[in-house]
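So the chains spell out like this:
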Amino acid sequence: QIDTLAAEFPAQTNYLYMTYAGNADDVAASPYFSASSDVLKGKSSERSKSVDSFIMRAVSSSHSVAAQSLAERKERGVMVLGCGAYCIGSSVEFDWCAVSCVRQLRRDGFKSIIVNYNPETVSTDYDESDRLYFEELSLERVMDIYEREGAAGVVVSVGGQIPNNLAGPLAANGVNILGTSARDIERAEDRNQFSDMLDTMKLNQPAWSVLTSKEEAISFAENVGYPVLVRPSFVLSGAAMRVAADEIQLTNFLSLATEIAADKPVVVTKFILGAKEIEFDAVANKGKILNYAIGE
C-alpha cells in the first residue's frame, strides 16, 4: 500500500504498487492467486529468461475462462488499463473511457482493478475502483498484477495507445483480453494489414504502398503524384502522420514516422485534395452495431 498518511496512522487506502524488494504484503492475496510454480515464488531472474514462464503464469491464474461461473468472474474481477501520461492529442478522453468502464463494472457487481500511473486522472481517485495500482503499463508489470489478482480478464481498449500496444503481447502470453480481440486490434492499427483488408473486400481507397525504403516511397509518390499522406502504424491521434507536398517533405516525414513507429509498418497513401471526410465510430457485438456516432 502507498502510505497516504505520512506514517502517522496505518494507511487503509486501495492505492497499491508492486515491488521486488518486499517480503510481506500489505493486502491479502486474491484466493485465485496461484503460487504453485517456482516462478511465482520470487525467482524473478528465472522469470525474465523465458516467455514460457509468462504463459504458465497467465494460464495458471486465469484457469479456463469458459469454466468460470459468472459469480466467480465477478469475484476475480476485471483489470482495466488506464491511459498513462497525457500528451497533446491524446489525453482526458481515454481517462473518461476507463472511468466509464470501471463504473459500469462496479454497477454490474464486478470487482474492478485499475492500473494507471498518472495521478492527474479521475481513474486514480481513491473511490473509483476496488483496487488501484500506481504502476507502469508494461507487459511485465501487467502480468504481475494479473497473476496476483487472479483476474478474470483485462480491458485494453479504453486507455488509448499504450494499452492497445500491449494487447498482442498479453494475448500471446495467455491473458484473457475482454472486448475486441488482440488480433482485430492489430488488424485495425497495422496500416498495411488494414489497407490490404480493404483491397480484399474490394472497398475503394486511395492508392497506397507499404514503406520498405525511402527510394520506393519516393518512386510511389512520383507515380501517383503529390501530395501523399505518410501514415505510421500503432500511433494515436495522427502522431507523425503528415501530408508531403514534395520529395523533401516526404523524406523528412518518413524519417519521423519510422522513428515513432519503430518496427511497425509505415504506409504512404495518395492524399486526395478537396475531399469531404466523414468519420463513423461504432460499438458492435458479433456484427450487430449497438451504438454509433457520425462526424463530418
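Anything mentioned here points back to the structure above.
Model, not experiment: these values are computed from the prediction. (Residues numbered from 1 in each chain as written. Predicted model: local features only at pLDDT ≥ 70, side-chain atom pairs only at ≥ 80, totals over all residues. Heavy atoms only, no water.)

1. A closer look at the overall build of the protein chain
Point 1. Regarding its fold elements, the protein chain presents 10 helices and 12 strands.
Point 2. Within the protein chain, counting contacts between residues at least 6 apart in sequence, those at least 24 apart form 59% of the total.
Point 3. Carbon and sulfur atoms provide 54% of the accessible area of the protein chain, an area that totals close to 16,300 Å². (Helix = DSSP H or I, 4+ residues; strand = E, 2+ residues; numbered from the N terminus. Contact = heavy atoms within 4.5 Å. Areas by Shrake-Rupley, 256 points an atom, 1.4 Å probe, with all protein chains shown as cover.)

2. Observations concerning the packing of helix H6 (residues 161-172) against helix H7 (residues 182-189)
Point 1. It is at 9 Å that the axes of H6 and H7 come closest, and there the two elements cross at 130 degrees. Classified by the interaxial angle, the pair formed by H6 and H7 is oblique. You can see that H6 and H7 cross each other, and the crossing is left-handed. Across the interface between the two elements, Gln161, Asn164, Ala167, Gly168 and Ala171 of H6 pack against Ala182, Ile185 and Glu189 of H7.
Point 2. Along the lines of polarity and charge, the residues of the contact of H6 with H7 split into 4 nonpolar, 3 polar and 1 charged. (Axes fitted to C-alpha atoms, helices over the stretch in contact; angles between N-to-C directions. Parallel < 35°, antiparallel > 145°, perpendicular 65-115°, else oblique. Left-handed = near helix turned anticlockwise from the far one by under 90°. Nonpolar A, V, L, I, M, F, W, Y, C, P; charged D, E, K, R; others polar.)

3. Re empty space enclosed by the protein
Point 1. One pass over the full model with this rule turns up 1 cavity of 30 Å³ or more.
Point 2. Here the largest cavity is characterised by a volume of approximately 30 Å³.
Point 3. Surrounding the largest cavity, Ser209, Val210, Leu211, Thr212, Ser213, Glu216, Ala217 and Val268 form its lining.
Point 4. Within the residue set of the lining of the largest cavity, elements represented by two or more residues are strand E7 (208-210) and helix H9 (214-224).
Point 5. Counted by class, the lining of the largest cavity contains 4 nonpolar, 3 polar and 1 charged residues. (1 Å grid on protein atoms, 1.4 Å probe; cavity = no way out; pocket = protein on both sides within 12 Å on 5 of 7 lines; lining within 4 Å. Points joined across faces, edges and corners; volume = space filled by probe spheres on them.)

4. As for the sheet that holds strand E6 (residues 177-178)
Adjacent strands of a sheet form backbone hydrogen bonds with each other and so pair up, either parallel or antiparallel.
Point 1. Spatially, the 6 strands line up as an open sheet ordered E1-E4-E3-E2-E5-E6, and their pairing is parallel. Only two strands of the sheet have a single neighbouring strand rather than two, namely strand E1 (15-16) and E6.
Point 2. Two elements, strand E3 (residues 112-115) and strand E4 (residues 131-133), share 3 bridges in a ladder whose sense is parallel. By the bridge assignment, Val115 is partnered in E4 with Tyr133.
Point 3. Of the strands in this sheet, strand E2 (78-81), E3 and strand E5 (153-155) are in contact with helix H4 (residues 92-107), which crosses E2 at around 170 degrees. (Pairing = 2+ DSSP bridges.)

5. Structural notes on the side chain of Ser129
Point 1. On the secondary structure map, Ser129 appears in the loop between E3 and E4.
Point 2. A residue is classified by how much of its surface remains accessible, and Ser129, at 3% relative accessible area, is buried.
Point 3. At a separation of 3.2 Å, a polar atom in the side chain of Ser129 contacts the main-chain carbonyl oxygen of Arg131.
Point 4. Not counting residues up to four positions away in its chain, the partners in contact with Ser129 are Asn14, Val102, Arg106, Ser112 and Ile114. (Buried < 20%, exposed > 50% of the residue type's maximum accessible area, 1.4 Å probe, protein only. Polar contact = N/O pair within 3.5 Å; in protein donor to acceptor, adjacent residues only side chain to side chain.)

6. Points about the sheet that holds strand E8 (residues 228-232)
Point 1. Strands sit in the order E7-E10-E8-E9 across an open sheet of 4 strands; the sheet is antiparallel. The open sheet has two free edges, formed respectively by E7 and strand E9 (242-244), since each of these has just one partner strand. The average angle at which neighbouring strand axes cross in this sheet is 25 degrees, direction not considered.
Point 2. Both E7 and strand E10 (residues 266-270) contribute to a ladder of 3 bridges, which runs antiparallel. Residue pairing for E10: Ser209 is matched across the bridge by Val268.
Point 3. The sheet strands contacting helix H8 (residues 191-200) are E7, E8 and E10, and the helix crosses E7 at an angle near 140 degrees.
Point 4. Relative to E10, H9 is tilted by about 15 degrees, and along the sheet it contacts E7, E8 and E10.

7. Some remarks on the pairing of E3
Point 1. Neither face of E3 is open: one carries Ser112 and Ile114, the other Ile113 and Val115, and all of them are buried.
Point 2. As paired strands, E2 and E3 are joined by 4 bridges and run parallel to one another. Looking at the pairing, Leu81 lines up with Val115 of E3.

8. A short note on the pattern of salt bridges
Point 1. A full pass over the atoms with the stated rule returns 10 salt bridges.
Point 2. Arg76 is paired through a salt bridge with Glu72; the nearest N and O atoms lie 2.9 Å apart. Of the two residues, Arg76 and Glu72 are both situated in helix H3 (residues 70-76); the distance of 4 residues between them amounts to about one turn of the helix.
Point 3. On the basis of relative accessibility, which here comes to 0%, the residue Arg76 falls in the buried class.
Point 4. Where Arg131 meets Glu149, a salt bridge forms, and the shortest distance between an N and an O atom there is 2.8 Å. One end of the pair, Arg131, is in strand E4; the other, Glu149, is in helix H5 (residues 139-149), with 18 residues separating them in the sequence.
Point 5. The exposure class of Arg131 is buried, given its relative accessible area of 17%.
Point 6. According to the relative accessible area criterion, Glu149 is buried, its value standing at 0%.
Point 7. What emerges from the salt-bridge pattern is a single network uniting Lys111, Arg131 and Glu149. (Salt bridge = Lys/Arg side-chain N within 4 Å of Asp/Glu carboxyl O.)

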